Amino acid sequence: MTSLATTGLARPHRWLRAHPYAADAALAAAVLTIVLLGAYVGPHAAAHRPGPYFVVMSLFACAGLVLRRPMPRAVLAFTCAFTLLETVITGDDPPHTQIALAAVVALYTVAARTDRPTAWRIAAVTVAVLTGTVMLFGVRPWYAQENLGLFAWTGMAAAAGDAVRSRRAFIAAIEERAERAERTREEEARRRVAEERLRIARELHDVVAHHIALVNVQAGVASHIMDSRPDQAKEALAHVREASRSALGELRATVGLLRQHGDPEAPTEPAPGLGVLDQLVDGFARVGLRVDVAAASTLPDGPATATGAAGAADVVGPLPAAVDLAAYRVLQEALTNVHKHAGPGARAEVALLRAPDSLLLTVLDDGAGRPALATGAAPAGADHGGHGLIGMRERAAALGGSCEAGPRGRGAPGFRVRASLPVR
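Here is what the cut-offs are and how they apply
- Residues numbered from 1 in each chain as written.
- Predicted model: local features only at pLDDT ≥ 70, side-chain atom pairs only at ≥ 80, totals over all residues.
- Heavy atoms only, no water.
- Helix = DSSP H or I, 4+ residues; strand = E, 2+ residues; numbered from the N terminus.
- Buried < 20%, exposed > 50% of the residue type's maximum accessible area, 1.4 Å probe, protein only.
- Contact = heavy atoms within 4.5 Å.
- Axes fitted to C-alpha atoms, helices over the stretch in contact; angles between N-to-C directions.
- Left-handed = near helix turned anticlockwise from the far one by under 90°.
- Nonpolar A, V, L, I, M, F, W, Y, C, P; charged D, E, K, R; others polar.
- Core = buried A, V, L, I, M, F, W, Y, C linked by side-chain atoms within 4.5 Å.
- Salt bridge = Lys/Arg side-chain N within 4 Å of Asp/Glu carboxyl O.
- Patch = residues over 30% accessible without salt bridge, like charges linked within 9 Å, V, L, I, M, F, W, Y side chains within 5 Å.
- Areas by Shrake-Rupley, 256 points an atom, 1.4 Å probe, with all protein chains shown as cover.
- Pairing = 2+ DSSP bridges.

1. Comments concerning the overall build of the protein chain
Phase 1: Across its full length, the protein chain carries 13 helices and 6 strands.
Phase 2: The buried share of the protein chain, taken over its 424 residues, is 37%.
Phase 3: Taking the intrachain contacts of the protein chain between residues at least 6 apart in sequence as the baseline, contacts between residues at least 24 apart amount to 66%.

2. Description of the packing of helix α3 (residues 20-40) against helix α6 (residues 100-112)
When two helices pack together, their arrangement is captured by the angle between the axes and the distance separating the axes.
Phase 1: Contact pair α3 / α6: the axes reach a minimum separation of 9 Å and the direction vectors enclose 145°. Taken as a pair, α3 and α6 cross one another with a handedness that is right-handed. The segment α3 lies against α6, with L27, V31, I34 and V35 engaging L101, A102 and V105.
Phase 2: Considering only residue class, the contact of α3 with α6 consists of 7 nonpolar, no polar and no charged.

3. Remarks on the nonpolar core
As a rule of thumb, soluble globular proteins bury nonpolar side chains together.
Phase 1: Of all hydrophobic cores here, the largest spans 46 residues; its most connected members are L277, V291, L352 and L361.
Phase 2: Those residues in contact with L352, other than ones at most four positions away along the chain, are L277, A294, A295, A296, A312, V316, L331, L360 and L361.
Phase 3: Residues A28, V31, M57 and C62 belong to the second largest nonpolar core, which totals 29 residues.

4. Here's the deal with the pattern of salt bridges
Phase 1: Here the structure, examined in full by the defined rule, presents 12 salt bridges.
Phase 2: Residue D24 pairs with R68 through a salt bridge whose shortest N-O separation is 3.0 Å. Within this pair, whereas D24 is found in helix α3, its partner R68 is found in the loop between α4 (52-63) and α5 (72-88), the two being separated by 44 residues in sequence.
Phase 3: For D292, the salt bridge goes to R347, with nearest N and O atoms at 2.7 Å. Of the two residues, D292 sits in strand β1 (residues 290-297) while R347 sits in strand β3 (residues 347-354), which places them 55 residues apart along the sequence.
Phase 4: Judged by relative accessible area, D292 falls into the partly exposed class, the value being 27%.
Phase 5: For R347, a relative accessible area of 26% puts it in the partly exposed group.

5. Regarding the environment of W142
Phase 1: Here W142 is to be found in the loop between α7 (116-137) and α8 (145-225).
Phase 2: Put simply, W142 and T131 are 11 residues apart on the chain and 9.7 Å apart in space, counted from C-alpha to C-alpha.
Phase 3: Setting aside residues no more than four positions away along its own chain, W142 makes contact with M135 and N147.

6. Let's talk about a nonpolar patch on the surface
Phase 1: A surface patch of nonpolar side chains, about 410 Å² in accessible area, is lined by V88, I89, L136 and F137.
Phase 2: Relative to the helices and strands, V88 is located in helix α5.
Phase 3: The partly exposed category is assigned to V88, whose relative accessible area is 39%.

7. What to know about the side chain of T154
Phase 1: Looking at the secondary structure, you find T154 in helix α8.
Phase 2: Dropping the residues within four chain positions of it, T154 is found in contact with V104, L107, V127, L130 and T131.

8. Overview of the sheet that holds strand β6 (residues 412-422)
Phase 1: As summarised here, the arrangement of the 6 strands in space is β2-β1-β3-β4-β6-β5, forming an open sheet in which the pairing is mixed. Because the sheet does not close on itself, it has two edges, and the strands there are β2 (305-307) and β5 (402-409). Strand-to-strand, the axes of this sheet are offset by a mean angle of 15°, without reference to chain direction.
Phase 2: The pairing of β1 with β3 spans 8 bridges and is classified as parallel. Bridged to A295 within β3 is L352.
Phase 3: Packed on one face of the sheet, helix α11 (residues 309-316) meets β1, β2, β3 and β4 (358-365) and runs near 20° to β1.
Phase 4: Relative to the sheet, helix α13 (residues 388-398) contacts β5 and β6, its axis offset from that of β5 by approximately 135°.

Spelled out as structure tokens, the structure:
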């Protein structure tokens, strides 16, 4: 299909769309020219030449087309009135119905710019009045070619206007749907970016909070006993070096997620999970936090219970990667909070319960704790604005689970963290 750009008409077309009155004035002049040519140059023009009244009425009827866009119905009534006036009153024999071409254009405009039921009612009345009047007062017999031609032209004008209106509505609906789809894609992209940023923020927080807490404690111990017990100070510094090395490794793995796909320097090691729970527990044991681990399972296959971090993964069984990582991070953050806030000499208990459809994690400590932790606020003497409990809840909620943290209750000291993670 040839476009306006290829035919060189793009610029005039844009100019006419920007100046609608100029376009309608040109249309009115063209219709007037066709009407006068039909009346004076037609096959019966020599025998039935129209008088000056016909020229004046044609001029007024076509001039009304300049206002066809802002007042389509009024222009239709105006042009129909001049058509009826020429047919009934002027006394031309036969009447020159070429003036009805202005009414045909006005009827097309009404059909194109009005809703379908109203347009068809107006078209039916217009066709009936014009055709009926011409058949009664026009060329004899009533079924003459000129009379039926007027009926056909008015009917086609109404149909063409309705088709144009339907096409415009269809195009507008497509454009609106495309804009809505584009907005939806942009909103989805923004949502995915926000979720990815939140996920990376949780990973960085868990890695930094855990390892830096261990480094802080070991560095304090080394500073305190450097002069009196240098051997133990060296051991504490070795733990500091190991914890910092682990922190750097996990930070490198997390930051590697931001690298381009296919980067050879991107890390390929798997994300941590319950399979390395024993390493996590050993890390806390080296800084003085005793952690007891117990696992139970209601699965038909595999061991039903186990004590100790080494056998917990066998009892829990294989987990989806997202659930495995979330469980590990929840335990890591809960034990880090116990180490930081439960007081010296505290002991933590970790319980894992694997059901066919869920994994239940519980972390208890017997330290003094601080009530502010139950609401996620920072304890006295600590940095404000922590996100540990918030991150645990977000991880669980992202999988469709839940996470609760608060005092153990019933007068028992310490805190409890309970998380339920759906497996399916």
